[in-house]
Amino acid sequence: MTIAFLTDFIEQAGDAILVEITSVKGSSPREAGTFMLVSQHGIWETIGGGQFEYMAIDHARAMLQGKTRQQTLDIPLGPEIGQCCGGRTLLTFTAVTPAISGELKDRLAREHQSQPAVFIFGAGHVGKALAQVLVLLPLSITVIETRREELDGLPSSISAHLTPMPEARVKDIPRGGAVLIVTHDHALDFLIAKEALARSDLSYVGMIGSKTKRATFAHWLEREGGQASMPGRLVLPIGGQAVRDKRPAVIAALASAEVLHAIHRFAAPAPALSDRDRPAGQDHA
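What counts and what doesn't
- Residues numbered from 1 in each chain as written.
- Predicted model: local features only at pLDDT ≥ 70, side-chain atom pairs only at ≥ 80, totals over all residues.
- Heavy atoms only, no water.
- Buried < 20%, exposed > 50% of the residue type's maximum accessible area, 1.4 Å probe, protein only.
- Helix = DSSP H or I, 4+ residues; strand = E, 2+ residues; numbered from the N terminus.
- Contact = heavy atoms within 4.5 Å.
- Pairing = 2+ DSSP bridges.
- Axes fitted to C-alpha atoms, helices over the stretch in contact; angles between N-to-C directions.

A. Just helix α4 (residues 125–134), in detail. Residues Val126, Gly127, Ala129, Leu130, Ala131 and Leu134 constitute the buried set of α4. Here the buried face of α4 lies against β6 (117–121), β7 (140–145), β9 (178–181) and α7 (248–267).

Here it is as structure tokens:
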């Protein structure tokens, strides 16, 4: 979701209703706080789809037509509406006013600022494919390139930067961010990887390549004084080897799944120690 798309919808929709999941009990298609906008002839975003969402759309349009003023629906997600989630959701319906529109834009801006960062170094065929896939996810995407012409054709919502020294931008990656190294130059790949692996607070560092490139990088890193543990933290090749397909779009899809998993694993709190796992003599307080 982007502020630009939200603004476009509101400007073109005319009157609209904000539909928001305000509470959830049990299993549901989406979590509390999820919202969508409904106009007489369009919708923006989704609260989970299925019969549950059709009911919400019908109710919102009934409000627009003046047929109801009911501002909440308590919906059981069971056989009676043709869904099998088993939970229950409370929906609220609010007419979109300039004030509501401003609140939604502020909310999207805050969400965008808190999104995990992914830095793609290189905007060739694979870099562009990665950008096209990752921009669909709740991530903040930055592309770094040394070649001006390669920055053309990238999604408009990402941040693109031209620089002669991409490795110097590694320091700008926020904690927990991910790095994808797909430049046109092996030597440049190695410089970027060395800087990224020197940081212990990144969730993922991946490089396009092969087993041979991994071995070459390990030897190069040793000559350059890198720590022995660094190569073990590098994902190379990105996308794994279970699907042997080197087309950029396939690599991008597989690598994007790796990145998303790594980011969520990094952000997840460490599990609490059980009494059996707790070191002897450690206070339970």
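Resuming the write-up.
B. Expanded view of the sheet that holds strand β1 (residues 16–25). Spatial ordering of the open sheet is given by β3-β2-β1-β5-β4, a layout of five strands whose pairing is antiparallel. Looking at the sheet topology across the chains shown, the edges are occupied by β3 (43–44) and β4 (72–76). Both β1 and strand β5 (residues 88–95) contribute to a ladder of eight bridges, which runs antiparallel. Considered in β5, the bridge of valine 19 is made with phenylalanine 93. Contacts from helix α1 (residues 3–13) reach β1, β2 (35–39) and β3, with the element oriented near 25 degrees to β2. Along the sheet, helix α2 (residues 50–64) makes contact with β1, β2, β3, β4 and β5, crossing β2 at roughly 45 degrees.

C. Just the sheet that holds β7, in detail. Spatial ordering of the open sheet is given by β8-β7-β6-β9-β10, a layout of five strands whose pairing is parallel. The outermost strands of the open sheet, each flanked by one partner alone, are β8 (159–162) and β10 (204–207). Averaged over all adjacent pairs, the angle separating strand axes in this sheet is 15 degrees, with direction ignored. Alignment of β9 against β10, held across four bridges, turns out to be parallel. Within β10, the residue paired with leucine 180 across the bridge is glycine 206.

Interpretation note: all reported values are geometric properties and have no functional meaning in isolation.
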